Amino acid sequence: MDIFQMERSGHGSKRIRKPVVSFLIAFCLLYIASMFYRSSTSVLIGEVARDNITGEVTENVTRCYETESEDERSSGTESIAVDKFLGGLLATGFDEESCISRYQAALYRKTSSHKPSAYLVSKLRKYEELHKRCGPDTESYRRTLKKLSSSHTKGTTDCNYIVWTPSNGLGNRIISMASSFLYAVLTNRVLLVDHGTDMAGIFCEPFPDTSWLLPMDFPLTDQFYSLQPGNVHSYGHLLKMNNMDISTVSQAPSFLHLYLAYNYDKHDKLFFQDQNQGFLQKIPWLILKSDQYFVPYLFLIPSFQQELGKLFPDKEAVFHHLVRYLFHPSNQAWGLITRFYQAYLASADQKIGLQVRVFNRKASPVSVVQEQILGCIKKEKLLPQVDEQKLIASPSKNKTSRAVTIASLYPEYYESIKSMYWMNPTVNGDVIGVYQPSHEEVQHYGNNIHNLKAWAEISILSLSDVLVTSSWSTFGYVAQGLGGLKPWILYVPAGNRPTDEPCPRGKSMEPCFHFPPDYYRIPSTKERPDAGSPVPHVRQCEDASNGIKLFNS
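A short tour of the structure in this document, coming up.

What counts and how
The residue numbers shown here count from 1 along each chain, following its written sequence. For this predicted model, a pLDDT threshold of at least 70 governs which residues receive local features, and a threshold of 80 or more governs which side-chain atom pairs are given and counted, while totals over whole chains, interfaces and linings are taken from all residues. Neither water nor hydrogens contribute to the side-chain values; these are computed over all heavy atoms in the structure. Working definition: rings of Phe, Tyr and Trp (its six-membered ring) pair if their centres are within 6.5 Å, and the pair is stacked with planes under 30 degrees apart, edge-to-face with planes over 60 apart, and tilted otherwise. Only when the NZ of Lys or the CZ of Arg is both within 6 Å of the ring centre and within 35 degrees of the ring normal is a charge said to sit over the ring. DSSP calls a pair of strands paired once it identifies at least 2 bridges connecting them. Strands here mean DSSP runs of E at least two residues long; helices mean DSSP runs of H or I at least four residues long; both are numbered from the N terminus. Lines are fitted to the C-alpha atoms to define the axes, a helix being fitted only along its stretch in contact, and any angle between axes, read from their N-to-C directions, falls within 0 to 180 degrees. Every residue pair with non-hydrogen atoms within 4.5 Å of one another is taken to be in contact. Throughout this description, the term salt bridge denotes a Lys or Arg side-chain nitrogen within 4 Å of a carboxyl oxygen of Asp or Glu. Burial classes: relative accessible area under 20% of the type maximum marks a residue as buried, over 50% as exposed, and values in between as partly exposed (1.4 Å probe, protein chains only). By nonpolar core we mean a set of buried residues, namely Ala, Val, Leu, Ile, Met, Phe, Trp, Tyr and Cys, connected to one another through side-chain atoms within 4.5 Å. Pairs of cysteine sulfur atoms within 2.5 Å are identified as disulfides in what follows. A helix's residues, less one, multiplied by 1.5 Å, set its expected span. For the purposes of these results, a polar contact is taken to be a pair of N or O atoms within 3.5 Å, where, inside protein, one atom must be able to donate a hydrogen and its partner to accept one; residues adjacent in sequence count only when each atom of the pair is a side-chain atom.

Let's talk about the packing of aromatic side chains
Pairs of aromatic rings are described using the distance from one ring centre to the other and the angle between the two planes. Evaluated as defined, the whole model comprises 29 aromatic pairs. Through pairs of rings, three or more aromatic residues link up here, namely Tyr127, Phe181, Phe203, Phe207, Trp212, Tyr325, Phe327 and Trp455. Here the guanidinium or amino end of Arg361 rests over the ring plane of Tyr410, the centre of that ring lying 3.7 Å away. Geometry around Trp488 places Arg505 over its ring, the cationic atom sitting 4.0 Å from the centre.

Quick word on the sheet that holds strand E4 (residues 190-193)
Read across the open sheet, the 4 strands follow the order E4-E3-E6-E5; overall the sheet is parallel. The open sheet has two edge strands, E4 and strand E5 (255-259), and neither has a second partner. Averaged over all pairs of adjacent strands, the angle between their axes in this sheet comes to 25°, without regard to strand direction. In terms of strand pairing, strand E3 (residues 161-165) meets E4 through 4 bridges, oriented parallel. When the bridges of E4 are listed, Ile162 appears paired with Leu191. Lying on the sheet, helix H5 (residues 118-134) is in contact with E3 and E4; it crosses E4 at an angle near 65°.

Considerations on unusual backbone geometry
Phi at Asp137 is positive, roughly 70°, even though this residue is not glycine. Along the chain, Asp137 turns up in the loop between H5 and helix H6 (139-145). One non-glycine residue, Asn188, adopts positive backbone phi at about 60°. The residue Asn188 is located in the loop between helix H7 (170-186) and E4 in this model.

Some thoughts on the pattern of salt bridges
Oppositely charged side chains are able to pair whenever their charged atoms sit close together. Per the counting criterion, the structure on display carries 17 salt bridges. Between Arg142 and Glu139 there is a salt bridge whose closest N-O contact spans 3.6 Å. Residue Arg142 and its partner Glu139 are both found in helix H6; the two are separated by 3 residues, about one turn of the helix. Across the pair Asp158 and Arg143 runs a salt bridge whose closest N-O atoms are separated by 3.1 Å. Of the two residues, Asp158 sits in the loop between H6 and E3 while Arg143 sits in helix H6, which places them 15 residues apart along the sequence. Exposure remark for Asp158: the relative accessible area of 41% places this residue in the partly exposed category. Residue Arg143 is classed as partly exposed on the basis of its relative accessible area of 42%. Connected through salt bridges with shared partners, the residues Glu139, Arg142, Arg143 and Asp158 form a single ionic network.

Overview of the nonpolar core
One recurring pattern in soluble globular proteins: nonpolar side chains tend to sit buried together. Core analysis: the biggest nonpolar cluster contains 120 residues, and Phe181, Phe218, Tyr235, Phe327 and Trp455 have the highest contact counts within it. At 11 residues, the largest contribution of residues to this core is made by H7. Contacts of Phe218, omitting those with residues within four sequence positions, involve Tyr141, Leu145, Leu148, Val163, Phe224, Trp285 and Ile287. If you look at the next biggest cluster of nonpolar residues, it comprises 26 residues, including Ile352, Val358, Val404 and Ile406.

What to know about the state of the cysteines
When the sulfur atoms of two cysteines share a covalent bond, that bond is a disulfide. On inspection of all chains with the given rule, the structure shows 4 disulfides. Between the sulfur of Cys376 and that of Cys503 lies a disulfide, 2.0 Å long from S to S. With the S-S bond torsion at 90°, the cross-link from Cys376 to Cys503 turns out right-handed. In this pair, Cys376 sits in helix H14 (residues 366-379) while Cys503 sits in the loop between strand E11 (488-490) and strand E12 (538-540), placing the two residues 127 residues apart along the sequence.

Structural notes on the environment of Ile100
Mapped onto the fold, Ile100 is located in the loop between strand E2 (78-82) and helix H4 (101-104). For Ile100, a relative accessible area of 31% translates into the label partly exposed. Measuring from C-alpha to C-alpha, the distance between Ile100 and Pro329 comes to 8.5 Å, with 229 residues separating the pair along the chain. Not counting chain neighbours up to four residues away, the residues in contact with Ile100 comprise Asn331 and Trp334.

Regarding H14
Helix length check: H14, at 14 residues, gives a terminal C-alpha distance of 20 Å against a target of 20 Å (1.5 Å per residue), a fit within 8%. Listing the buried residues of H14 in full gives Val368, Val369, Gln370, Gln372, Ile373, Cys376 and Ile377. Just beyond H14, the residue with positive phi is Lys381, at close to 55°.

Remarks on the pairing of E5
Buried residues dominate E5, accounting for 5 of its 5 residues. Neither face of E5 is exposed, since Phe255, His257 and Tyr259 on one face and Leu256 and Leu258 on the opposite face are all buried. The pairing of E5 with strand E6 (residues 285-289) spans 5 bridges and is classified as parallel. From the neighbouring strand, Tyr259 faces E6, where its bridge partner is Lys289.

A few points about helix H16 (residues 448-462)
The terminal C-alpha atoms of H16 lie 21 Å apart, and with 15 residues this matches the ideal 21 Å at 1.5 Å per residue to within 8%. Of all 15 residues making up H16, 12 are buried, and the element is well covered by its neighbours. Along H16, the residues classified as buried are His450, Asn451, Leu452, Ala454, Trp455, Ala456, Glu457, Ile458, Ser459, Ile460, Leu461 and Ser462. If you follow the buried residues of H16, they end up packed against H7, helix H13 (331-345), strand E7 (350-356), strand E8 (401-408), strand E10 (466-470) and helix H17 (474-483). Measuring from the side-chain oxygen of the N-cap residue of H16 to the backbone nitrogen of Ile449 gives 3.0 Å; that N-cap residue is Asn447.

Have a look at this one:
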């Protein structure tokens, strides 16, 4: 007789066994629950303790740059630590939905090996407090604004400002805004930016509970377009009128223009002399126009050197920290970036970015530039060569998929590389996909949609594992800074033949200050600083012989 027959025929037996079985089931459930509770509690405590120490946040996410296995795809998620605050670089307290990229971008990039110093993190939090106290629509802002009604300033103000105004393309604007922000931090000023209409809505606000946007009713806005060399309200003009001796100026004006763009004259360049910085501290409003990354020269100004050394012990990561702190794609821009990424890049084993900037199409013919690009790929082994003897690649279990993103105003370079890898298999069986987000043909100034696309492409390039940028290109500088990448620098040839060194590897991921003043040259010799100078971390750029940039000495 089986168990079911015994239970059906013996009522006494049933009455005895039922309580026993119920007890055993309840005991097992209580035991399992207690073990789960103890395990969960210990894990929770451990995670909270670790989060408080490292600032990392554990989330059930799949890192977007990793290729998932079939098991991971079936499970849907994997538990990993995501440092969405970038080692304390980013502040808490933002409405995350208003700027999804601020904390989500960390999922799309490999963790940076360049950590911000504790001093920089502390300084940024103090700046945020200053900006919140002195930003637009505050009583301090309105009080300092009244100073502009007088030609000269009287007494001191609790808030001083530097107002950034745009010049040239988006890459130039980003590197000059970053430079202006660092100057603001060094001089205890509040940075306000004039984004106008052609940059509206492409960036998120970088500071919590306030805005960095210059109010539209700012009284000096009509002067911005007259900001040129020799402007009568410029610091250079003031020095010129006083025989280069600022000590003879009896009353400080309520505002001054700082013209630091590529074509500034010798008087405007005097801004970088240390002895002139003290006078500028007295001016409540500085209106700056620049298209340059002038940070390297700040490291040459003696009164700033000690502070900069504490902020940035890693000299090659200055822009890397500044650009990731300040510039976050708006939700509209982030949508462009993530849709492209998921459609073309997410499943690739390796992502390669190629940025081609040709400043003069007549001087650099398409065929010559194409040959230079192919020479770069071959010499540096960035992509496998094609096998022109075969129609179909040999079977291979170890083939790698590589996705190449080409950023250029023109379609010819993309069409050439795409065709090469479509018409022929690779010698090692690797699968190469080639993509180009857009090709605008010409750079459109004053166009919001053009800048939105440019910002999306810069950000997409920054998600690369390997990056090739063009010499002199600020577009490329921003991408390498965001991604923390030392690029291969593509020298765009000017002539009818490619160069022997098509794309040497950059030694630093810092941008180049293309047009520094000559004061940085070593006295008596007029030579540039080198490893033997008092500032060995400021040296000649790889891609611009007259420029200077930061290196780890």
